[in-house]
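Each chain is listed here by its residues.
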Amino acid sequence: LNDQHTWWVLPPLFKFGKSERQETVHGPWPLVQYQKGEVEKVGLFPIWGKKILPGSYKSYFLWPIFSRQHIDKGETVYKRFTAMPFVHSEVYRERDPRVVPQDRSRFFRVWPLFSYQREGEISRFRTLELWTSRRNGAIQRNYAPFWTLYTRHRAEERIQSELLWGLYRHHRETGKDRYLSVFPLFEYQAENRDQSNRSFSILKGLLGYERSGETRTYRLLYFLRWGGKEPSP
């Protein structure tokens with residue numbers, strides 16, 4: 001062509017191309033790849049390789065085990081690192097350090113031990129984490145609950161923890177409601193900032209207490225109840 005020329009030998013194995021903006025060498029493809037110009041690329045597949053574009057950097061080592069990616073979008077930066085199948089990390093971060101929180105989103109997994117995910121003010125910690133794929137909505141909904149031993153969700157001031165499929169549960173909202181349960185031994189619940197509404201139960205009603213404002217109710221041996229009236233002034 002007017003601004004470039006290319007030689008092929010046993011295509012697509014060997015390629016030699018040159019233009020004003022780019023030089024390309026495959027010898028042989030995909031084992032050896034070299035590009036220089038608008039796209040910078042060096043590859044000795046599957047041992048090591050890297051590719052550089054404006055605002056983007058990708059590299060691998062012992063493909064597909066180790067890989068790294070860095071994308072600069074101006075106001076934000078995206079970083080990704082994988083060491084398959086054990087480590088997977090993704091960070092979507094604000095470039096300006098004055099922005100709080102600086103991380104828009106974050107994902108980190110050490111397979112099969114745990115995973116941590118955060119989107120803004122919402123975060124989730126889970127153990128175990130047996131699925132290796134990052135995009136796994138159907139698996140998380142249908143199968144992950146069977147192998148999940150512990151989860152912790154946080155949304156702003158609300159924190160919810162669950163251990164061993166609900167045997168232990170702890171829900172808390174800073175300065176407001178709180179719920180604690182160790183099934184079937186103990187259950188405690190408090191509402192309102194001053195905890196004017198609260199209750200607890202031992203062995204699901206063997207012994208119990210409930211307070212709503214100034215009203216108090218007691219429970220013994222599951223069926224014995226007394227109280228429940230406003231105290232006289």
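Keep in mind that this is a model prediction, so the values were computed, not measured.

The rules behind the values
- Residues numbered from 1 in each chain as written.
- Predicted model: local features only at pLDDT ≥ 70, side-chain atom pairs only at ≥ 80, totals over all residues.
- Heavy atoms only, no water.
- Helix = DSSP H or I, 4+ residues; strand = E, 2+ residues; numbered from the N terminus.
- Rg over C-alpha atoms; globule rule 2.2 N^0.38 Å.
- Buried < 20%, exposed > 50% of the residue type's maximum accessible area, 1.4 Å probe, protein only.
- Contact = heavy atoms within 4.5 Å.
- Pairing = 2+ DSSP bridges.
- Phe/Tyr/Trp six-rings, centres within 6.5 Å; stacked < 30°, edge-to-face > 60°.
- Salt bridge = Lys/Arg side-chain N within 4 Å of Asp/Glu carboxyl O.

Draft legend 1. Representation of the overall build of the protein chain in the model. Looking only at helices and strands, the protein chain has 2 helices and 22 strands in total. Radius of gyration (C-alpha) of the protein chain: 29 Å, far over the 17 Å computed for a compact globule of 233 residues. Viewed in the frame of its principal axes, the protein chain has a C-alpha envelope of about 100 × 40 × 20 Å. Taking all 233 residues of the protein chain together, the buried fraction comes to 25%. Considering only contacts within the protein chain whose residues lie at least 6 apart along the sequence, 6% involve residues at least 24 apart.

Draft legend 2. Structural view of the pairing of strand β16 (residues 168-173). Here 6 bridges tie strand β15 (residues 158-163) to β16, and the two strands are oriented antiparallel to one another. Within the sheet, the bridge partner assigned to Glu162 lies in β16 and is Arg169. In sequence, β15 turns back onto β16 through a hairpin of 4 residues, with Leu164 there showing a positive phi of about 55 degrees. In the sheet, β16 pairs with strand β17 (residues 178-182) via 5 bridges, with the strands oriented antiparallel. The partner of Tyr168 across the bridge, within β17, is Val182.

Draft legend 3. Just the packing of aromatic side chains, in detail. Scanning the entire structure with this criterion turns up 10 aromatic pairs. Aromatic ring contacts, followed pair by pair, group Phe108, Phe114, Phe125 and Tyr150 into a single cluster.

Draft legend 4. Seen up close, the environment of Trp63. Structurally, Trp63 is set in the loop between β7 (56-61) and β8 (66-72). The spatial distance from the C-alpha of Trp63 to the C-alpha of Lys50 is 11 Å, given a sequence separation of 13 residues. In this structure, Trp63 is in contact with Phe45 and Pro46, ignoring residues within four places of it in sequence.

Draft legend 5. Structural detail: the side chain of Ser59. As for its placement among the helices and strands, Ser59 is situated in strand β7. Setting aside residues up to four positions removed in sequence, Ser59 forms contacts with Gly49, Lys50, Phe66, Ser67 and Arg68.

Draft legend 6. View of the pattern of salt bridges. One pass over the structure, following the stated rule, counts 8 salt bridges. A salt bridge links Glu94 to Arg104; the nearest nitrogen and oxygen atoms lie 2.6 Å apart. Within this pair, whereas Glu94 is found in strand β10 (residues 87-94), its partner Arg104 is found in strand β11 (residues 103-110), the two being separated by 10 residues in sequence. A relative accessible area of 13% places Glu94 in the buried class. In this structure Arg104 comes out as partly exposed when scored by relative accessible area, which is 38%. Arg169 serves as the salt-bridge partner of Glu162, at 3.7 Å between the closest nitrogen and oxygen. Linked by salt bridges that have partners in common, Arg124, Arg126 and Glu129 make up one network.

Draft legend 7. Seen up close, the pairing of strand β1 (residues 4-9). Inspection of the sheet shows β1 paired to strand β2 (residues 14-19) by 6 bridges, in the antiparallel sense. Bridge assignment links Thr6 to a residue of β2, and that residue is Gly17. Between the antiparallel neighbours β1 and β2 lie 4 residues, among them Leu10 with a positive phi of about 50 degrees.

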